[in-house]
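Residue strings, one per chain:
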Amino acid sequence: MADQYPTLAQCAVVATSLKVLLWPAYKSTDFEVHRNWLAITYSLPIDKWYFEETSEWTLDYPPFFAYFEWLLAQGAHYADAAMLQINNLDYDSWQTIHFQRATVILTELTLVYSLYAFVQSSPAASKKQAHAVALSLLLSPALLIIDHVHFQYNGFMYGILIWSIVLARKQSTLLLSGIMFATLLCFKHIYLYLAPAYFAFLLRTYCLGPRSIFDIKFANCIKLGVSIVAVFALAFGPFVYWEQMPQVLTRLFPFSRGLCHAYWAPNVWAIYSFSDRILIYLAPYLKLSVNSDAVNSVTRGLVGDTSFAVLPEVTPRMTFILTLAAQIPALLKLFLRPSWDNFVATLTLCGYASFLFGWHVHEKAILLVIVPFSLIALKDRRYFGAFRPLAVAGHVSLFPLLFTVQEFPVKTVYTLVWLIAFLLTFDKLVPASEKPRVFLLDRFSLLYTALAVPLMVYTSLLHHMIFGGKYEFLPLMFTSSYCAIGVVGSWLSFSVVHFTA
């Protein structure tokens, strides 16, 4: 079959040109975070990495990412050795900026390759749809905003995730798929939220026989177990040997942080927090008790608990139970019907559960849902109907990350062009559903999408014109609450689609 046009390579070249032009743009504290990690891994022996705290931005990713930073630091030494000095806080020479920005682009080649593998592994009948999905992920506004302006390495790591998902398509590469995912966990532990789907799928398809769960493939169990243990031993082995695992785990799982991030991620807790703020004003009329200490509380990204004035407090244990409960139905279906489509759908639902109910969720974690869902979004019109509000809400929710005037055209124009181009393209390519669509869910999807533009106009322009510098929290609260409704609605819609398929 002839290549689809434009090709992934052509789009990658054009996208790279845009990303290079954005090198002088705004950069968040994450830029300094990664510069500091370069300095830590280059200047100190490994057994000091997770104890260093000269900067408040201490190393809090798993060891493979620390090794990755050490590898990058070997090149950073030649670009500007001053960036590798631990005491050189907030150092951002132009050599440092160019080097760190360039590493994001270069490591994103894993994403380009994995998307190419996804298209090549797709059935001939759905090749065109797979190619459109691959282009949408490669040109994603989310990755542009988070990685190439705000600054992170998500494209690199989601490339590994997609590669692992593609390998799960064939029985002959299931073991390699599991190894790739274990490797990913040792780069960034947020992917633990997707681990239950991998466990259920690999257990059922690789360790058990296709006809009976009592047909145990002991050789496969041993190979999978040894491989996973070997990956984790490579990552954590030195820290186990030095008896530093309690310190490493304290860095990886900082439950002293509050329920919500500084900007409410668009999840259930954003709606919960918004409801609590509304109830503060209604409390006198409804005769509700109000915690006066919590009335003026705000959530902060680093430390501190979120306090609610009217509604009950939420604990980490409660969020864990809710997340697990939301994942279990999909995991049961996957175990009983272990197809690749069900596997990707379960990954998506596990991502939804962790994002909607998790503790201290960052808005950037919406990629845990968008990326796997994209791979099956064009399966039929019911899937696409559930994906559409997620595509809108997920990308609009990232706008507060770029709050400077100069980046306003980048985030709004690029995102609007992407949404229009790809949602219209998807609408033309997606096949009809064999089952009837749910009228209310379809209407919600269309109405929700239509409201996105007025919201952007108000939060970006009208609010300042009307209120000036007053009520600065309102645009953030409206954005978070609007996007939370979209993500929750998309989750409910996709759940209906998946469990009635």
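Anyway, here's the lowdown on the structure attached to this text.

1. Some details on the overall build of the chain
Thinking step 1. When you go through the chain residue by residue, the secondary structure sums to 22 helices and zero strands.
Thinking step 2. Its C-alpha atoms give the chain principal-axis dimensions of roughly 65 × 60 × 45 Å.
Thinking step 3. The burial tally for the chain puts 55% of its 501 residues in the buried class.
Thinking step 4. Across the chain, the fraction of contacts at a sequence separation of at least 24, relative to all contacts at a separation of at least 6, is 77%.
Thinking step 5. For the chain, the exposed surface amounts to about 22,500 Å²; the carbon and sulfur share of it is 69%.
Thinking step 6. Charge centroids of the chain, computed over 33 positive and 28 negative side chains, lie 13 Å from each other.

2. Remarks on the side chain of His-498
Thinking step 1. Looking at the secondary structure, you find His-498 in helix H22 (residues 473-499).
Thinking step 2. Judged by relative accessible area, His-498 falls into the buried class, the value being 0%.
Thinking step 3. Excluding residues within four positions of it along the chain, His-498 makes contact with Lys-333, Asn-342, Ala-345, Thr-346 and Leu-349.

3. Notes on helix H7 (residues 141-151)
Residues spaced three or four apart along an α-helix point in a common direction, a consequence of the helix completing one turn every 3.6 residues.
Thinking step 1. By the criterion of burial, H7 is predominantly enclosed, with eleven of the eleven residues buried.
Thinking step 2. If you check the start of H7, you find a side-chain oxygen 3.1 Å away from the backbone N of Ala-142, and it comes from Ser-140.

4. Notes on the nonpolar core
Thinking step 1. Core analysis: the largest hydrophobic core is formed by 146 residues, its most contacted members being Tyr-191, Phe-343 and Tyr-352.
Thinking step 2. For this core, the leading source of residues is helix H16 (residues 340-357), giving twelve residues.
Thinking step 3. In contact with Tyr-191, not counting residues within four places along its chain, are Met-157, Tyr-158, Leu-161, Phe-181, Leu-184, Leu-185 and Leu-368.

5. A few points about unusual backbone geometry
Thinking step 1. One non-glycine residue with positive phi stands out, namely Asp-90, at about 60°.
Thinking step 2. Mapped onto the secondary structure, Asp-90 falls in the loop between helix H3 (63-79) and helix H4 (94-107).
Thinking step 3. A relative accessible area of 56% places Asp-90 in the exposed class.
Thinking step 4. Look at His-360: it is not a glycine, yet its phi comes out positive at around 50°.
Thinking step 5. Looking at where His-360 falls in the secondary structure, it is placed in the loop between H16 and helix H17 (367-376).

The rules we used
Residues numbered from 1 in each chain as written. Predicted model: local features only at pLDDT ≥ 70, side-chain atom pairs only at ≥ 80, totals over all residues. Heavy atoms only, no water. Helix = DSSP H or I, 4+ residues; strand = E, 2+ residues; numbered from the N terminus. Buried < 20%, exposed > 50% of the residue type's maximum accessible area, 1.4 Å probe, protein only. Contact = heavy atoms within 4.5 Å. Areas by Shrake-Rupley, 256 points an atom, 1.4 Å probe, with all protein chains shown as cover. Lys, Arg positive; Asp, Glu negative; His and termini not counted. Charge placed at Lys NZ, Arg CZ, Asp CG, Glu CD. Polar contact = N/O pair within 3.5 Å; in protein donor to acceptor, adjacent residues only side chain to side chain. Core = buried A, V, L, I, M, F, W, Y, C linked by side-chain atoms within 4.5 Å.

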